[in-house]
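Spelled out, the chains give:
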Amino acid sequence: MKVVAYSIKPFEKEFLAKANKKKHEITLIANPLGLETIAYAEGKDAVVVFANDDVSAPVVNKLADMGIKYIATRSAGTDHFDKEAAAERGISLANVPVYSSQAIAEHAVALALSLNRHIIEAHEHGQQFDFKLNGLIGFNFFGKTVGLIGLGHIGQAIAAIYNGFGCRVIGYDIAMPDGLIDIESLSLDEVLRQSDIISLHLPLTPATKYIINAASIAIMKNGVMLINTSRGGLLNTIDALEALEQGKIGYLGMDVYEHEKGLFFEDHQQDLNKDSLLQKLMTHDNVIITPHQAFLTSEALQQMADETIKNLDLWQKDRFVLSEII
Ligand code: NAD
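Quick caveat: nothing in here was measured; it's all calculated off a predicted structure.

Peer 1: I'm lost on the UniProt feature "domain: D-isomer specific 2-hydroxyacid dehydrogenase NAD-binding" (unreviewed entry) in the chain in this one. Help?
Peer 2: Per the UniProt entry, the sites bearing "domain: D-isomer specific 2-hydroxyacid dehydrogenase NAD-binding" (unreviewed entry) are residues 109-294 in this numbering. For residues 109-294, the helix share is 31%, the strand share is 16%, and the end-to-end C-alpha distance is 10 Å.

Right under this line is the structure:
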């Protein structure tokens, strides 16, 4: 197949080359897909994208006009796809539904541990040769209650880690998967009410948009730790900032941000107008923000590349693609 792959960072090239084995003719583009970069798709059969590419209706329609038949995202999340527009124009969509759930789970726990034990402040002070302990007191995870919202692949991977710490792990999922081990399933409100640490592991859908907002924060414990490695739109960031300023949220770890598109994955140091909401969050020592990097392990990158190439292989042979999005 002739393919154009957008949002390709230099470090991804070796993983894609290893997966592709020169089967498909892939043009690698550093920029994200959008109306300004769509011309690279001219003459191709398929387009490969990532989580922050623009795959909205105008882009999908233009791609269909150009003869594109397939769009594969290297991400698990599919919230960037306009699925209706693609279906209407006969474009097949696929994602990588599962890849190294541990990569994301481990990053979510890394955020929680770093916030709790003030690792970043201690390191920054230490670099100034300030080795005082003031302000660095944390709490034991052992014996605390961790609430997982979303108990799919990543939710279950993180449950295993927190169980290892000796935490009580409770969780809520609309589907309540069978065979959950060591996770007490409760209603959403009970999970919010009882948890010392809340970790979000849901897809972004109309039903989950702003699932964490002023009303849901109000029923949480005072000083709760909130970790979001899923999608920024799950959290109403303005409400979270207000709750931080009132001390209701004690710690906030975000690997995703609702306005991250066009911002994360690139260097914006020289921008004259910086995102003011993000800047306000960054003034708080009890906030850690990472730029959507929870997936960024070599194991996960290889799996994302392997599964994406597998989707292209199957489409080319007109065979059933398991992760096709209907
Ligand atoms: P998954 O599909 O295995 O699990 C998601 C769970 O959410 C499912 O069990 C589902 O039943 C539940 N769910 C869906 N809608 C719900 C609702 N309205 N209320 C309650 N539960 C609901 O997905 P996963 O592999 O665990 O990934 C979760 C999310 O993590 C992805 O959708 C993606 O957005 C995000 N993600 C982020 C990164 C990153 O680098 N930060 C990487 C991979 C995935």
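Peer 1: Quick question: what am I supposed to make of the pairing of strand S10 (residues 224-228) here?
Peer 2: A regular strand carries its side chains on alternate faces of the sheet. Counting buried residues along S10, five of its five residues qualify, which places the element largely inside the surrounding structure. Burial along S10 is two-sided: Val 224, Leu 226 and Asn 228 facing one way and Met 225 and Ile 227 facing the other are all buried. For strand S9 (residues 197-200) and S10, the ladder comprises four bridges, and the chain directions are parallel. Bridge pairing in S10 links Ser 199 to Ile 227. Sheet analysis places S10 next to strand S11 (residues 249-254), joined by five bridges and oriented parallel. For Met 225, the partnering residue across the bridge sits in S11 and is Tyr 251. Each parallel crossover has a hand, and for S10 linked through helix H9 (residues 237-245) to S11 it is right-handed.

Peer 1: What am I meant to see in the site of the ligand here?
Peer 2: As a matter of local geometry, the ligand sits amid 22 residues, with His 153, Ile 154, Asp 173, Thr 229 and Asp 255 nearest to it. Contacts to the ligand include Asp 173, whose side-chain N or O atom sits 2.6 Å from an oxygen atom. Interatomic distance of 3.2 Å between a backbone N/O atom of Phe 295 and an oxygen atom of the ligand. Protein contacts shield 85% of the accessible area of the ligand, which totals 870 Å² for the unbound molecule. Of the residues that constitute the shell around the ligand, the class distribution is twelve nonpolar, seven polar and three charged.

About the cut-offs
- Residues numbered from 1 in each chain as written.
- Predicted model: local features only at pLDDT ≥ 70, side-chain atom pairs only at ≥ 80, totals over all residues.
- Heavy atoms only, no water.
- UniProt positions renumbered as here; feature names shortened; annotations may be inferred.
- Helix = DSSP H or I, 4+ residues; strand = E, 2+ residues; numbered from the N terminus.
- Buried < 20%, exposed > 50% of the residue type's maximum accessible area, 1.4 Å probe, protein only.
- Pairing = 2+ DSSP bridges.
- Right-handed = clockwise from strand over helix to strand, strands pointing away.
- Near = heavy atom within 4 Å.
- Polar contact = N/O pair within 3.5 Å; in protein donor to acceptor, adjacent residues only side chain to side chain.
- Areas by Shrake-Rupley, 256 points an atom, 1.4 Å probe, with all protein chains shown as cover.
- Nonpolar A, V, L, I, M, F, W, Y, C, P; charged D, E, K, R; others polar.

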